[in-house]
Amino acid sequence: MAKCELDKRNTMNLSGTVKSIQDIMRKDDGVDGDAQRIGQLTWMLFLKVFDQREEEWEDDNAEYESPIPDRFRWRNWAKYLPDAEGKKKPQIAGSELIPFVNNEMFPALKEQIDAGKSPQHQVIKQVFEDANNYMKSGPLMLSVIEKLEEAINFHDFTTRASLGDVYEQMLNDLRGAGNAGEFYTPRAITNFMVDRVNPRLDKRENVLDPACGTGGFLTAAIDHFRNQLSKKSSAEDKRAIEELIWVIEKKQLPHLLCTTNMLLHGIDVPSQIEHKNTLGVGWNEWSATDKVDCLVTNPPFGGYEDDTVGGDYPADLRTRETADMFMALIIKKLLKENGRAAVVLPDGFLFGDGIKATLKKLLLRDCKLHTIVRLPKGVFAPYTSIKTNLLFFTKGSMVADGSEHFHTDTIWFYEHPYPSGYKSYSKTKPIRFEEFKPEQEWWGSEANDFADREESDFAWKVDFKTKREQAEAAAMPHWQRAEQLNNEAAVLENEARDMRNSLVGSNDTAYREKVDTQIAALREQAEPLRLQARDAQASGDRLYWPIYNLDLNNPYAPEAEAHDPDVLL
C-alpha cells in the first residue's frame, strides 16, 4: 500500500477514535459542550503523550526524574496492563476512578508541583493549575482511557504524524464551540504569515506570538525553522529551534492545547509557552530584552479587558479593546529595531477612528507598513464572518534628534480572491496555503523596497507620503489658527489667575468686588477664543485624520452593479 494512502487511513482511524471518545463524553452528565469535551480529552491526551515522551527521555538518560509524582504518571494509574491470561485490564476500578482523579491526582498536580525545580516542573504546574476534570462517571472515563490506549501509540512515527493531523482537526472543531473559536487560526493563514516574515535560523532570529491560542503560529514557526535544516546542520542548530520560540497565552484551555501541540511537534520541554495575560503586564515592566526579531499573531479582537488592566498605558493609547492594546504593545514594546511582524486584524481596525486612528498613526510613523493582504469573508467561518486583513510591517529605527519621522511612504494592498468556483469559505472548504502562491510570487524583497512589485487586478499601491504631506499642508493653517487662539486665551486666563491670587489676604470688600468683575470679564473674553480654537482644530483634524482610513477598495475591481430598489423588491 502506498505511504500516502496508509497515512490517510491512519488519520481516518484516529479521527474516528476521537469522534467515538467525544460520543462517550456526551453520555457523561458532567461534560457540557464541545469546549469542555475537548478540554477533558486534551488533559488526558497530554498525560498519555507526556508519559510516552518520558519513555524516550528515560532511554536517553538513565538518571531522568519525572516532574509528576510516581503514582500519578499515566503508566501507573491509567495504562491498561495485561492480567495473568494476557488480557489488558484497567489498574483502577471504575467506581474508584473519579475520587482518585478529583481528590488525589488533581490536587497533587495543582498544588504539590514545585515550578521552580525545572522547566518540566513548570510545564506540568502551568498545564494543571486551571485544568478541570469534568467527567462524573468512572466507567465512562475508563472507556475513554481504553480508546486512547488502543488508538494512540506515540512511539509509532506514522501514528505520531497522523495524530498531528487529527489534533489540527480538533482545533478546527473549536471554531464551532462558542467563544472557544477565538483560539483557532486556519493553518493556511499561519503558514503564509510565517513564510512571509521568514524568521532565519542561521541568524538565530527569535519569534513571539503574544496571544498564541493553541499554538498555530508556533507550530508554523517550528516547521519553518526545521525546513532550513540540512545534512550539514549541527546539533546546536536543531537545539536552537526550541530556544528561538516564545509564546504567551492567557486562557487555560488554549494553553493546555498549545502545550500538548508542542509535545506532538517534538518540542521536549515546552516551557516557552507562558501561561499569563500579556496585556496584564505593566507598560513599564517590558524591557529591551523582551523585544523580538519576528512577531506573528492573531490578537483576539472585539473583546475587552477589565478596569484593572492597561491603566498604566500612555494616555493617548489607553483603551480596553484587546486588539488595540496588543497593537500598542507590539509597536512600542515587543519589536526590535528592524524587527518584522505580521498581524491579523479586522476591517474595523482599518477604518476605525479615535484610538484606532492614533494607533495607525503610531504604526505608520514608527514602522514601515509595507503590505496589507485583504482577505475575503468566511476565512474564519463559522466563528465569525467579519472580514480580516493581514498587516505586514517592519519596526523603524529611532530618529536621533527625536523629531517626528514617518517610516511608511508606500503601502501595498493585495486583495486575496476566492478560488475559482467558490462563493465563500466554510468548515468543509477552508482556505488553503496553495491559494497564496500568487502573493508569494508577487511579493519581492524588502531589501530593494519591493521594487519588483507590479500593480494588477488584485494588487495596488497607495502613496501614503504624498497623502500625508497634502493633508498636513491643508490642515496646518487651521491648526496654527487654533494654537494662536489658544495662546491668546491662555494670556487672558493667566491674567485672571494672577488677579485671583492678588486677593489672597485682602479683606477690602469693594476691592474684591472690583477684581472679581475684572476676572469675570477676562474669562468672558477667553471663553469664545477657546471655542474658536476648538473649531479651528476640528477643521484641521477633518482634513488630516481621514488619511488613516486604510479600508481602501481595489481600484481595479469591476464596479458593483447598481440595481433599482423597486426592481429588486
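So, here is what we can say about the structure in this document. Along each chain, the written sequence defines residue order, and numbers are assigned to residues from 1. Predicted model: local features are reported for residues with pLDDT of at least 70 only, side-chain atom pairs are reported and counted for 80 or more only, and whole-chain, interface and lining totals are derived from all residues. The side-chain figures draw on all heavy atoms in the structure; neither hydrogens nor water molecules are used.

### Things to note about the packing of aromatic side chains
Okay, step 1: Each Phe, Tyr or Trp ring (for Trp, its six-membered ring) is paired with any other whose centre lies within 6.5 Å, and the angle between the two planes then decides the class: stacked below 30 degrees, edge-to-face above 60, tilted in between. A full pass over the atoms with the stated rule returns 28 aromatic pairs.
Okay, step 2: Note on Phe-413 and Trp-460: the rings are 5.3 Å apart at their centroids and 5 degrees apart in plane angle, and the pair reads as stacked. Residue Phe-413 is found in strand 10 (residues 410-415), and its partner Trp-460 is found in strand 11 (residues 459-463); the two are separated by 47 residues along the sequence. Summarising the burial analysis for this pair, Phe-413 and Trp-460 share the class buried.
Okay, step 3: An aromatic cluster is defined as three or more aromatic residues linked by ring pairs; in this entry it consists of Phe-192, Phe-392, Trp-412, Tyr-414, Phe-436, Trp-442, Trp-443 and Phe-458.
Okay, step 4: Of note, Arg-453 hangs over the ring of Phe-450, and the distance from its end group to the ring centre comes to 3.8 Å. Helical segments are the DSSP runs of H or I of at least four residues, strand segments are the runs of E of at least two, and each set is numbered from the N terminus. When a residue's accessible area, from a 1.4 Å probe over protein chains only, is under 20% of the maximum for its type it is buried; when over 50% it is exposed; and in between it is partly exposed. Two conditions define a charge located above a ring, namely a distance within 6 Å from the ring centre to NZ of Lys or CZ of Arg, and an angle within 35 degrees of the ring normal.

### Points about the pairing of strand 6 (residues 292-297)
Okay, step 1: Of all six residues in strand 6, six are buried; the element is thus mostly enclosed.
Okay, step 2: Here strand 3 (residues 207-209) runs beside strand 6; their pairing, made up of two bridges, is parallel. Bridge pairing in strand 6 places Leu-208 opposite Leu-295.
Okay, step 3: Viewed with both strands pointing away, a crossover whose connecting path from the first strand over the helix to the second turns clockwise is right-handed. Each parallel crossover has a hand, and for strand 6 linked through helix 12 (residues 322-334) to strand 7 (residues 335-346) it is right-handed. When DSSP finds two or more bridges between a pair of strands, those strands are recorded as paired.

### Comments concerning the sheet that holds strand 7
Okay, step 1: With respect to topology, nine strands assemble into an open sheet ordered 5-4-3-6-7-9-8-10-11, the strand pairing being mixed. Looking along the sheet, the strands with just one partner apiece sit at the ends: strand 5 (273-275) and strand 11. Strand-to-strand twist of the sheet, defined as the mean angle between neighbouring strand axes without regard to direction, takes the value 15 degrees.
Okay, step 2: With five bridges connecting them, strand 6 and strand 7 associate as parallel partners. By the bridge assignment, Leu-295 is partnered in strand 7 with Ala-341.
Okay, step 3: Together, strand 4 (245-249) and strand 5 form the strand contacts of helix 11 (residues 252-264), whose direction differs from that of strand 5 by roughly 160 degrees. Comment: axis = line fitted to C-alpha atoms, over the contacting stretch for helices; angle = value between 0 and 180 degrees taken between N-to-C directions. Contacts are residue-level and defined by heavy atoms, with any inter-residue pair within 4.5 Å sufficient.

### Points about the environment of Tyr-80
Okay, step 1: Considering the arrangement of structural elements, one finds Tyr-80 in the loop between helix 3 (74-77) and strand 1 (81-82).
Okay, step 2: For the pair formed by Tyr-80 and Glu-146, sequence separation is 66 residues and the distance between their alpha carbons is 7.3 Å.
Okay, step 3: Setting aside its immediate chain neighbours within four residues, Tyr-80 contacts Lys-88, Lys-89, Pro-90, Leu-142, Ile-145, Glu-146 and Glu-149.
Okay, step 4: Of note is the side chain of Tyr-80, whose polar atom sits 3.2 Å from the backbone oxygen of Leu-142. Identification of polar contacts relies on pairs of N or O atoms within 3.5 Å, with a donor-acceptor requirement for protein atoms, meaning one able to donate a hydrogen and the other able to accept it, and with residues adjacent in sequence counted only if both atoms are side-chain atoms.

### Overview of the side chain of Arg-340
Okay, step 1: On the secondary structure map, Arg-340 appears in strand 7.
Okay, step 2: Side-chain polar atoms of Arg-340 contact the backbone oxygen of Asn-198, separated by 3.0 Å.

### Quick look at the state of the cysteines
Okay, step 1: What counts as a disulfide here is a pair of cysteine sulfur atoms lying within 2.5 Å. Overall, the coordinates contain zero disulfides when judged by the stated rule.
Okay, step 2: The thiol of Cys-212 is not disulfide-bonded; the next cysteine sulfur, from Cys-258, is found 3.9 Å away.
Okay, step 3: Residue classification places Cys-212 among the buried residues on the basis of a relative accessible area of 5%.

### A short note on the pattern of salt bridges
Okay, step 1: Salt bridges are counted wherever a side-chain nitrogen of Lys or Arg sits within 4 Å of a carboxyl oxygen of Asp or Glu. Tallying each qualifying case throughout the model produces 27 salt bridges.
Okay, step 2: Several salt bridges share partner residues, and in doing so they unite Asp-51, Glu-54, Glu-58, Asp-70, Arg-73 and Arg-75 into one network.

### Quick notes on helix 9 (residues 216-226)
Okay, step 1: In terms of burial, helix 9 is largely enclosed, as eight of its 11 residues are buried.
Okay, step 2: Those residues of helix 9 that fall on the buried side of the exposure criterion are Phe-217, Leu-218, Thr-219, Ala-220, Ala-221, Ile-222, His-224 and Phe-225.

### Observations concerning the packing of helix 12 against helix 14 (residues 355-366)
Okay, step 1: The interhelical angle for the contact between helix 12 and helix 14, taken along N-to-C directions, is 20 degrees, at an axis separation of 10 Å. Considering their axes alone, helix 12 and helix 14 lie roughly parallel with respect to each other. In this structure, helix 12 crosses over helix 14, and the sense of that crossing is left-handed. On helix 14, the residues touching Asp-324, Met-327, Ala-328, Ile-331 and Lys-332 of helix 12 are Ile-355, Lys-356, Leu-359, Leu-362, Leu-363, Arg-365 and Asp-366.
Okay, step 2: Residue polarity follows a fixed list, in which Ala, Val, Leu, Ile, Met, Phe, Trp, Tyr, Cys and Pro are nonpolar, Asp, Glu, Lys and Arg are charged, and the others, Gly among them, are polar. Counted by class, the contact of helix 12 with helix 14 contains seven nonpolar, no polar and five charged residues. Any angle from 65 to 115 degrees is called roughly perpendicular, while one under 35 is roughly parallel, one over 145 is roughly antiparallel, and all others are oblique. Crossings are sorted by hand: turned counterclockwise from the far helix by less than a right angle, the near helix makes the crossing left-handed, and turned clockwise it makes it right-handed.

### Observations regarding the nonpolar core
Okay, step 1: Among the buried residues, those of types Ala, Val, Leu, Ile, Met, Phe, Trp, Tyr and Cys that are joined through side-chain atoms within 4.5 Å form a nonpolar core. Leu-295, Met-327, Leu-369, Leu-391 and Phe-393 are the most contacted members of the largest nonpolar core, which totals 50 residues.
Okay, step 2: Per element, the largest residue contribution to this core is nine residues, and it comes from helix 12.
Okay, step 3: In this structure, Leu-391 is in contact with Ala-341, Ala-342, Val-343, Leu-345, Phe-349, Leu-350, Leu-363, Leu-369, Thr-371 and Ile-372, ignoring residues within four places of it in sequence.
Okay, step 4: Membership of the second largest hydrophobic core comes to 46 residues, among which are Met-44, Trp-77, Tyr-80 and Met-141.

### Thoughts on helix 8 (residues 187-197)
Quick reminder: α-helices carry 3.6 residues per turn. Residues three or four places apart thus point the same way.
Okay, step 1: Burial analysis of helix 8 places eight of its 11 residues in the buried class, the great majority of the element.
Okay, step 2: Lining the buried residues of helix 8 we find helix 9, strand 6, strand 7, strand 8 (367-374), strand 9 (388-395) and helix 15 (437-442).
Okay, step 3: In the stretch just after helix 8, Asn-198 is the one whose phi turns positive, near 55 degrees.

### Concerning unusual backbone geometry
Okay, step 1: Although it is not a glycine, Asn-338 adopts a positive phi angle of roughly 70 degrees.
Okay, step 2: Mapping Asn-338 onto the fold places it in strand 7.
Okay, step 3: The backbone phi angle of Phe-450 is positive, close to 55 degrees, even though this residue is not glycine.

### Concerning the packing of helix 9 against helix 11
Each pair of packed helices can be summarised by the angle the axes make with each other and by the distance between the axes.
Okay, step 1: Where helix 9 meets helix 11, the axes come as close as 10 Å, and the angle between the chain directions of the two elements is 20 degrees. Relative to helix 11, the element helix 9 lies roughly parallel. For the pair helix 9 and helix 11, the crossing hand works out as right-handed. Where helix 9 abuts helix 11, its residues Leu-218, Thr-219 and Ile-222 lie against Cys-258, Asn-261 and Met-262.
Okay, step 2: The class makeup of the residues in the contact of helix 9 with helix 11 is four nonpolar, two polar and no charged.

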